[in-house]
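# A look at the structure
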Amino acid sequence: MSRRSYNAGWSLTGWVFLILLLIFAVAPMLWMLITSFKSQFAALKYPPEFIPSNPNLEQYERLLSPKNEVGRQFLRYMANSIWVSTATTILGVAVAVPAAYAFARFRFPGRQALFFSVLFRNMFPAVVFLMPLFIMMRWMGLVNTYSSLIITYLTFGLPLSIWLLKGFYDNIPIELEQAARIDGCTRFQAFYLIVMPLSAPGIIATAIYSFITAWNEYVYALTFLNDDQKLTLPVGLQRFFTEYATNWPGLMAASFIMSVPVVVMFLILQKYFVRALTEGAVKA
Amino acid sequence: MAQVEFQNVVKSYGAFEAVKSVSFTVEDGEFVALVGPSGCGKTTTLNLVAGLLDLTSGDIKVSGKTISDLDPKDRDIAMVFQNYALYPNKTVQQNLAFPLKMRKVPKRDIGAKVAEAARLLEITHLLDRYPRELSGGQQQRVALGRALVRDPQVFLMDEPLSNLDAKLRVQMRSELKRFHQDLSATIIYVTHDQLEAMTMADKMAVMSGGVLQQYDAPERIFEEPANTFVAGFVGSPSMNLLPATAVERDGAVYATGDGWELVLAPRNAASARASSGPGIILGARHSSLGLHDTETPGCIQARVFTVEPTGDITFVHVDVGDSTFVISVDPERRIAADQTVWIEFDQNKLHVFDAQTEKRIAPG
C-alpha cells in the first residue's frame, strides 16, 4: 500500500467521523429550530415533517412581545437569567483573577493544599451538594433569592476558572512585571497594565465558562427558587410550557432564543477560548 | 550618572544566606561586572540594587543617598534582563515609550527621546514591529533602548548577551563597550562568563558562595588573584593549581609533592615561609609553563594525558601526581599521549597560595 493511499484512507475515516460528530451535535439543534416554525398541530404529526409545510414565526412573535402574557413571562425569565449569569460572571472573574495570580506568583504556607482544596469540589457530582446547600441557604435565609444561585454557581465555576487562569499567569515571565516595576509601575500597575492584557484570553474564556454554566443550570435553580416571578429560563421554560399540555413549537422557539446568546458569545470569542485551553492550562 | 555603594549587604532566605556581607563601591561612570558561577549570589545582588528583592541588612547608596527603602520605580535605575522582558503586546515604539509614559514625561518629549534612542541603536526601522517579529539581536537592542531612553542614574544588566548566538554575542559585546564609553554610564553587569567580564568591565567583582572574593580591575584580578577560587575561575583555561608541601633544606625552600620536588626562587620561597603552615598550593597559568622532551634540571617530571590542538595554540594536558596541568605549546611541537615530559616553571609568574586559607601570599 503506498503512502498516499494510506493517508487518503485515514483522511476518509477522519471525514466520516467528523460528519457523524457533526450530525450528533447539530441534528437536535436543527430539529429544535424546525419545530419552532411549525404550528402546534404540525409538530405532532406522524410521520414528522422535515421541512415545515406551513412555516411561521408566530411563536417568536408571541414570546418576544411584552404585550401578551406569554411574552411578558418569557422576557421576565430571560431578564432573571441574564441577571444571575452576569452577576455570577462578574463576581467569578473578580475572584478568580486575583486568586489565580496569587497561586501562580506568591509562595505562602499552605499554598499547595489550598490549591488542591479548591479543585476538591470538582471531584463530586453537583447533585451531591444539592440538599446540604439547600439547608445552608435556608439557614441563611437565602432560599428563593438570586443570591442563593449566584453563590452556588460561583463555588461551582471558580475551581476551573482559577485553574485555567493560573496556567496563564504561570506562563507570563515574571521578568515582565519586574521590568514594568523598574520602568515606573507600582506592583498593582504592573499587574494591571502588563499582566492583565496578556492574560485577556484566559479572562475571556473564564468569563464565557462562568456565564454559560450559570445560564444553563437547571437542578439548583429548580430547587432554590419557588416564586414564579423569579425563575430562570431553564426552569421557567419547563414549568411554563408543560403546565397543562406541552406546546412543543413554543418550547422549541423559547429554547432556540435561549441558546442564541451562548452561541453568539462563543462564536465571537471562540478563538480566545481555544487559545486559553491550549496555551494556558495545558502546561503542566 | 552616579556612584553606587554597597555597605555590608546581606540577603538571606531563612537560614540560607545568598549574599554575605558584601561591600564595594562602583564609581561614577564605571562598568563593573559581577561574575561567578551560578548560585554565587550575583543576580541576587543585582536584584537588591533594582529593588526587586529587599535587603536583609546593610545598605545600598546611589550618589550618597540610601535607596534601600525605595520602590523599584523610584530608584532611577534601568535594567536589561536576560530574556529581554519586552512587552509582547506593545510595539517597539510603545516599549521604548513605556518608561517615559509611566514617568509622565510630556508626549512630544517622549516622541523625541524614543526617536533619539532608536537612532542611537539603529532600530528606527523597527519601531512599528512587535517584539516577536524581531531577531534575538534586535530584541537585545530594543531592551537596551528601553533602558537608556530615560537616562537613568545606573544601568543594571543581567546576563544580557547569554541568549545570543556566539557570533552575535561577540558583536554585541563590543557594541555594549562602545555604548558605555560614549555615554560614560554607570553599569553593573552580571555574567557567569569571565571572558565577557574581562573584555568589557573596568572592574570585576568575583563572587562565590555569596561572598565577594575579589574586587579589582580585570588585569589585576588575572595577574594577582586573591585566592585559589579566583585563580581557578578567571582565565581560560583556568590556572593550574598544584598542592604541595614546603620544606626548608640547606637554606632553600623546596615545594614537594607526590614524586616531584621544585626549588622555589627567593620571591616564592619568601611566600612559602609566610604561609600559615607547610601546606601550600602552587598556581601557574598555562602560558607560564614550558615543556621539555628530555630531563632538564629544575623541572618536574610528568606524563602527557591528551593533546588538544586549537589552531593558534596547542593545549597539552599532563598528569602531575594527582593533578592535571594544562600547558600551551607551539602548534608545531609534536607531542604524543603517554609521553614523559618535564615541566619548567617561570618562577616570576608563579603564585603561592596558603593551603589552609586558600589565599594568595604576595611574593616577598
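Sequence order as written defines residue numbering, which begins from 1 separately in each chain. Here chains are named by letter from A upward and ligands by number from 1 upward, in the order in which they appear as written. Confidence filtering applies because this is a predicted model: local features only for residues at pLDDT of at least 70, side-chain atom pairs given and counted only at 80 or more, and all residues used for totals across whole chains, interfaces and linings. Just so you know, side-chain values use all the structure's heavy atoms and leave hydrogens and water out.

Runs of E in the DSSP output that reach at least two residues are strands. Runs of H or I that reach at least four are helices, and both are numbered from the N terminus. Secondary structure assignment for chain B yields nine helices and 21 strands. With the C-alpha coordinates aligned to their principal axes, the bounding extent of chain B is approximately 80 × 45 × 35 Å. Here's how the labels work: a residue is buried when its accessible area is under 20% of the maximum for its type, exposed when over 50%, partly exposed in between, all with a 1.4 Å probe on protein chains only. Counting only residues that meet the buried cut, chain B has 50% of its 364 residues in that class. The criterion used for residue contact is that any of the two residues' heavy atoms lie within 4.5 Å. In chain B, once contacts between residues fewer than 6 apart in sequence are set aside, the share between residues at least 24 apart is 66%. A residue counts as positive if it is Lys or Arg and as negative if it is Asp or Glu; His and the chain ends are not included. Charge coordinates come from a single atom per side chain, which is NZ of Lys, CZ of Arg, CG of Asp or CD of Glu. Of the side-chain charges in chain B, 37 are positive and 46 negative, and the distance between the mean point of each set is 10 Å.

On to the overall build of chain A. For chain A, the count of helices and strands is 13 helices and zero strands. Helices (α) and strands (β) of chain A occur, in sequence order from the N terminus, as α-α-α-α-α-α-α-α-α-α-α-α-α. Taken over 284 residues, chain A has a buried fraction of 43%. Put simply, of all contacts in chain A between residues at least 6 apart along the chain, 72% involve residues at least 24 apart.

Moving on, we get to the domain arrangement of chain B. All names here are of chain B. Reported domain spans reflect what an automatic or database domain assignment gives. Once the domains are mapped, chain B shows domain 1 (4-228) and domain 2 (237-354). Here domain 1 and domain 2 have C-alpha centroids that lie 40 Å from each other. Taken together, the contact pairs five residues of domain 1 with six residues of domain 2. A quick way to say it: buried area is the sum, across both parts, of accessible area lost when two parts are put together, with a 1.4 Å probe. Counting the surface lost from both domain 1 and domain 2, the interface buries some 460 Å², and carbon and sulfur atoms represent 72% of this. Of all residues in domain 1, Phe222, Pro225 and Thr228 bury the most surface against domain 2, accounting for 82% of the area lost on that side. Any pair of N or O atoms that falls within 3.5 Å is considered a polar contact. Within protein, one atom must be able to donate a hydrogen and the other to accept it, and sequence-neighbouring residues count only if both atoms are side-chain atoms. Scanning the region where domain 1 abuts domain 2 turns up one residue pair in polar contact (both at pLDDT 80 or more). The classification used treats Ala, Val, Leu, Ile, Met, Phe, Trp, Tyr, Cys and Pro as nonpolar, Asp, Glu, Lys and Arg as charged, and all other residues, Gly among them, as polar. Class assignment of the residues belonging to the side of domain 1 that touches domain 2 gives a composition of two nonpolar, two polar and one charged.

Note that patches include only residues with greater than 30% relative accessible area and no salt bridge, and the join distances are 9 Å for like charges and 5 Å for nonpolar side chains (Val, Leu, Ile, Met, Phe, Trp, Tyr). Note on areas: Shrake-Rupley, 1.4 Å probe, and residue coverage restricted to the protein chains presented here. A carboxyl oxygen of Asp or Glu within 4 Å of a side-chain nitrogen of Lys or Arg is what we treat as a salt bridge. Together, Leu12, Trp15, Val16, Phe17, Leu18, Ile19, Leu20, Leu21 and Ile23 of chain A make up an exposed nonpolar region whose accessible area comes to about 970 Å². Assignment of secondary structure puts isoleucine 19 of chain A in helix H1 (residues 3-36).

Looking now at the sheet that holds strand S5 (residues 65-66) of chain B. Residue and element names in this part refer to chain B. Reading across from one edge, S2-S1-S4-S5 is the order of the four strands in this open sheet, with antiparallel pairing throughout. The strands lining the two open edges of the sheet, one partner per strand, are strand S2 (16-26) and S5. Think of it this way: DSSP has to see at least two bridges between two strands before they count as a pair. Across five bridges, the pairing between strand S1 (residues 4-13) and strand S4 (residues 57-62) is antiparallel. Looking across to S4, one finds that valine 10 is bridged to serine 57.

Attention shifts here to unusual backbone geometry. Residue tyrosine 46 of chain A is joined to proline 47 of chain A through a cis peptide bond whose omega torsion reads -5°. Here the bond from serine 236 of chain B into proline 237 of chain B is cis, since omega is -5°, no more than 30 degrees from zero. In this fold, proline 237 of chain B is placed in the loop between helix H8 (228-233) and strand S11 (240-249).

Residue and element names in this part refer to chain B. Taken in spatial order, the five strands line up as S15-S19-S16-S17-S18 in an open sheet, and their pairing is antiparallel. Two strands lie at the open edges of the sheet, namely strand S15 (289-292) and strand S18 (323-329), each paired on one side alone. Within this sheet the neighbouring strands show an average axis-to-axis angle of 45°, counted without direction. Across four bridges, the pairing between S15 and strand S19 (residues 340-345) is antiparallel. Axes here refer to lines fitted to C-alpha atoms; in helices the fit is confined to the stretch in contact. Angles between the N-to-C directions go from 0 to 180 degrees.

The subject of this paragraph is helix H3 (residues 107-120) of chain B. Here, expected helix span is obtained from the residue count minus one, scaled by 1.5 Å. With 14 residues, H3 of chain B should cover 20 Å at 1.5 Å per step; its first-to-last C-alpha distance of 20 Å lies within 8% of that length. As for H3 of chain B, its buried residues are in contact with helix H2 (92-102) and helix H4 (136-148) of chain B.

Looking now at the interface of chain B and chain A. In this assembly, 22 residues from chain B lie in contact with 17 residues from chain A. Buried area between chain B and chain A, summed over both chains or domains, comes out near 1700 Å², and the portion from carbon and sulfur atoms is 67%. Ranking the residues of chain B by area buried against chain A places Lys73, Tyr87 and Met102 of chain B at the top, with a combined share of 30%. Ionic pairing is found between arginine 146 of chain B and aspartate 183 of chain A, a salt bridge with its closest N-O pair at 3.5 Å. Scanning the region where chain B abuts chain A turns up seven residue pairs in polar contact (both at pLDDT 80 or more). Broken down by secondary-structure element, the contributors of at least two residues to the side of chain B that touches chain A are strand S6 (77-80) and H2 of chain B. Residues of the side of chain B that touches chain A, tallied by class, amount to 14 nonpolar, three polar and five charged.

Turning to the confidence of the model for chain A, a few remarks are in order. In predicted models, pLDDT denotes the confidence assigned by the predictor to each residue on a 0 to 100 scale. The pLDDT averaged across chain A works out to 86; a share of 93% of its residues lies at or above 70. Ignoring residues within four places in sequence, the model shows residues 280-284 of chain A, a span with pLDDT below 50, making eleven contacts including any to other chains.

Here the focus is the packing of helix H9 (residues 187-198) of chain A against helix H10 (residues 200-216) of chain A. All names here are of chain A. Between H9 and H10, the shortest axis-to-axis distance is 4 Å and the interhelical angle comes to 65°. Of the residues in H10, those in contact with Met196, Pro197 and Leu198 of H9 are Ala200, Pro201 and Ile203. Here the residues of the contact of H9 with H10 are counted per class, giving six nonpolar, no polar and no charged.

Right, let's get into the confidence of the model for chain B. Of all residues in chain B, 100% have pLDDT values of 70 or greater, and the mean over the chain is 92. Scored as a complex, the prediction yields pTM 0.81 and ipTM 0.84.

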